[in-house]
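# Report on the structure
Single-letter residue listing:
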Amino acid sequence: MSPVLDPNPQNGQKKLLIVLGSMLAITVIIAVIASIASP
């Protein structure tokens, strides 16, 4: 039942969405921190 060996394409698409979502979230967090830190 390993998700890596799962032939279901939906699982890969879901993993891709999670990766893209986390990258977007990190970018937003960095932008918020930068705007708060800037004088």
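Think of each chain on its own: its residues are numbered from 1, step by step along the sequence as written. Owing to the predicted nature of the model, reporting of local features is limited to residues with pLDDT of at least 70; listing and counting of side-chain atom pairs is limited to 80 or more, with chain, interface and lining totals taken over all residues. Processing note: side-chain calculations cover all non-hydrogen atoms of the structure and skip hydrogens and water entirely.

Labelled according to an unreviewed UniProt entry, the chain appears under the name SGM_5486 family transporter-associated protein, originating from Streptomyces aureus.

This next bit is on the overall build of the chain. Only DSSP runs of H or I covering at least 4 residues are called helices, and only runs of E covering at least 2 are called strands; the numbering of each starts at the N terminus. The number of helices and strands found in the chain is 1 helix and 0 strands. Sorting the 39 residues of the chain into buried and exposed places 0% on the buried side. For accessible areas, the Shrake-Rupley method is used with a probe of radius 1.4 Å. Any residue's cover is judged against the shown protein chains and nothing else. Summing over all exposed atoms, the chain offers an accessible surface of approximately 3,700 Å²; the carbon and sulfur share of this is 76%. Relative accessibility decides the category of a residue: with a 1.4 Å probe and only protein chains considered, values under 20% of the type maximum give buried, values over 50% give exposed, and everything between is partly exposed.

UniProt feature "transmembrane region" (unreviewed entry): in the numbering of this structure it lies at residues 16–37. A distance of 31 Å separates the end C-alpha atoms of residues 16–37, which is 100% helix and 0% strand. UniProt positions are given in the numbering used here, feature names are shortened, and annotations may be inferred rather than shown by experiment.

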